[in-house]
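In case you want the letters, here they are:
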Amino acid sequence: YSTATPYTTLPSVLLLGPPGAGKTALTTLFERGPLDLPLAKTHTSQVPSSIELSINSDDPSSASYKTNLDEAGATAKKFLLVDTPGHPKLRASSLAHLNSAEPTIKSSLVSDGGAKSKIKAVVFMVDAAALADGDALPSTAEYLYDVLLTLQKRFHSRNGSRAPASMPVLVAANKLDLFTALPAALVKSNLEAELGRIRAARSKGLLDSGVGQDDLAAGEEGDWLGGDGSEKFSFAQMMEFDVDVDVIGGSVTGDGPGAEKWWKWIGERV
Ligand code: GTP
Ligand code: MG
């Protein structure tokens, strides 16, 4: 533990996603690190919470959350993982953090000081088993739509000519230990298809309410996610707004692929 780094300047990673996706379970898994303890039972989150984590900054690509960095003698990079509640009524405040050119999270959540922590990345966790039966797809995609649209609008609302910081987004397809779970590639294509449906439905709503085609095409006022004129939605369209989306499968519990790929993804971005 190094006291040389002022606590309040640590960057953070914002963990979002629908209820029951496994956000708190993942937070607990990363927090216990090398300790091989069974995961405690989680409860529905009602307020955000954050934990301080360290990753091997010498080589994040080969880092493991199970490594004891003190013993390894490695140089550690510290960051905060901010676990948020997935309940729809509690989402607005999570989204509000992303609603500026340089997203930060307020001090009261992450420290006792008055400083703000810079959000370096977003992890949007989904339950790949729940997505398999289709019922969870519309509500999951609805939330993801709002996250991506908030990040996109940030781009338009910037002051002056300076582009907002790029924002990497990891869609973490969780629960791949369950044989009913969709593989990551299908999680990706199903979400893209559903986001496209939501986009079409919302733009139709705007047209019905008198917003002109020109306004939509300008991309300033509308809720049109991604690039203009495209028939199908794909995550790649978000690159235009410096929002870089990856979809990676994993699991927090059970006998599955584990969480190391997510850890590495985070380590390369904090
Ligand atoms: P909210 O706080 O309501 O937003 O939910 P959350 O995303 O924090 O979910 P939570 O971590 O509480 O996990 C919900 C349930 O999913 C718990 O019973 C976990 O044990 C279970 N769970 C989490 N990860 C996995 C996994 O990889 N595989 C399986 N099978 N179950 C998991
Ligand atoms: Mg939770």
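For the structure itself, consult the block above.
Keep in mind it's a predicted model, so treat the numbers as computed, not measured. Position numbers for residues start from 1 in each chain and track the written sequence from start to end. Each chain gets a letter, beginning with A, and each ligand a number, beginning with 1, in the order they are written. Only residues with pLDDT of at least 70 are given local features in this predicted model, and only at 80 or more are side-chain atom pairs given and counted; all residues enter the totals for whole chains, interfaces and linings. With hydrogens and water stripped out, all remaining heavy atoms of the structure feed into the side-chain values.

**Here's the deal with the overall build of the protein**
1) Next: Secondary structure is summarised from DSSP: a helix means a run of H or I of at least four residues, a strand means a run of E of at least two, and numbering begins at the N terminus for each. Of the regular secondary structure elements, the protein holds nine helices and seven strands.
2) Next: Within the protein, contacts between residues at least 6 apart in sequence are counted, and of these 74% link residues at least 24 apart. The contact criterion used throughout is that any non-hydrogen atoms of two residues lie within 4.5 Å.

**Here's the deal with helix α1 (residues 23-32)**
1) Next: Exposure is judged per residue with a 1.4 Å probe applied to protein chains only, and the accessible area is read against the type maximum: over 50% gives exposed, under 20% gives buried, and values in between give partly exposed. Counting buried residues in α1 gives seven out of ten residues, a clear majority hidden from the surface.
2) Next: All buried positions along α1 are accounted for by Lys23, Ala25, Leu26, Thr27, Leu29, Phe30 and Arg32.
3) Next: The elements touched by buried residues of α1 are β1 (12-16), β2 (49-56), β3 (76-83), β5 (117-127) and α9 (260-267).
4) Next: After α1 finishes, the residue Gly33 shows a positive phi value of roughly 55 degrees.

**Here's the deal with the coordination of the magnesium ion (ligand 2)**
1) Next: Because no water is among the atoms considered, metal sites can look incomplete, with donors defined as N, O and S atoms within 2.8 Å of the metal, or 3.2 Å for Na, K and Ca. Within the protein, the atoms that donate to the magnesium ion (ligand 2) are Thr24 (OG1) and Ser45 (OG), at distances of 2.0 Å. Here Thr24 is found in helix α1, whereas its partner Ser45 is found in the loop between α1 and β2, with 21 residues between them in sequence.
2) Next: Residue class for Thr24 comes out partly exposed when judged on its relative accessible area of 21%.

**Topic: the pairing of β3**
1) Next: Most of β3 is tucked away: six of the eight residues are buried.
2) Next: By the bridge criterion, four bridges tie β1 to β3 in an arrangement that is parallel. Across the sheet, the residue bridging to Ser12 is Leu80, located in β3.
3) Next: Strands qualify as paired when DSSP identifies two bridges or more between them. For β2 and β3, the ladder comprises eight bridges, and the chain directions are antiparallel. Paired with Ser50 across the two strands is Val82, which belongs to β3.

**Looking at the nonpolar core**
1) Next: Nonpolar cores were defined as sets of buried Ala, Val, Leu, Ile, Met, Phe, Trp, Tyr and Cys residues, with membership established by side-chain atoms within 4.5 Å. Ranked by size, the top nonpolar core spans 43 residues in total, and within it Leu148, Val187 and Phe235 carry the most contacts.
2) Next: Of all the secondary structure elements, the ones that give two or more residues to this core are β1, β5, α5 (128-132), α6 (136-156), β6 (167-174), α7 (184-208) and β7 (243-249).
3) Next: A total of eleven residues in this core trace back to one element, the largest contributor, which is α6.
4) Next: If we ignore the near neighbours within four places in the chain, the residues touching Val187 are Val126, Ala128, Leu131, Ala173, Leu182 and Val247.

**Observations concerning the packing of aromatic side chains**
The description of two aromatic rings rests on the distance between their centres and on the angle between their planes.
1) Next: The pairing test for Phe, Tyr and Trp rings, Trp by its six-membered ring, is centres within 6.5 Å, and the orientation test on the planes gives stacked under 30 degrees, edge-to-face over 60, and tilted for anything in between. By the definition in use, this model includes six aromatic pairs.
2) Next: With centroids separated by 6.4 Å and ring planes inclined at 70 degrees, the aromatic side chains of Tyr65 and Trp263 adopt a geometry described as edge-to-face. One end of the pair, Tyr65, is in the loop between β2 and α2 (69-72); the other, Trp263, is in helix α9, and 198 residues separate them in sequence. Summarising the burial analysis for this pair, Tyr65 and Trp263 share the class buried.
3) Next: Among the aromatic residues, those joined into a cluster by ring pairs are Phe30, Tyr65, Phe79 and Trp263.

**Considerations on the side chain of Thr150**
1) Next: Within the fold, Thr150 resides in helix α6.
2) Next: Discounting residues that sit within four places of it in the chain, Thr150 has contacts with Leu95, Leu98 and Asn99.

**Looking at the pattern of salt bridges**
1) Next: The term salt bridge refers to a side-chain nitrogen of Lys or Arg lying within 4 Å of a carboxyl oxygen of Asp or Glu. Within the structure shown, the criterion is met by seven salt bridges.
2) Next: A salt bridge links Glu142 to Arg202; the nearest nitrogen and oxygen atoms lie 2.9 Å apart. Here Glu142 is found in helix α6, whereas its partner Arg202 is found in helix α7, with 60 residues between them in sequence.
3) Next: Relative accessible area serves as the criterion here: at 32%, Glu142 is assigned to the partly exposed category.
4) Next: In this structure, the salt-bridge partner of Arg269 is Glu268, at a minimum N-O distance of 3.7 Å.
5) Next: By sharing partners, the salt bridges in this structure join Glu142, Asp146 and Arg202 into a single network.

**As for α6**
1) Next: What a helix is expected to span follows from its residue count: subtract one and scale by 1.5 Å. Helix length check: α6, at 21 residues, gives a terminal C-alpha distance of 31 Å against a target of 30 Å (1.5 Å per residue), a fit within 8%.
2) Next: With 15 of 21 residues buried, α6 is to be regarded as a mostly interior element.

Nothing here speaks to function; it is geometry throughout.
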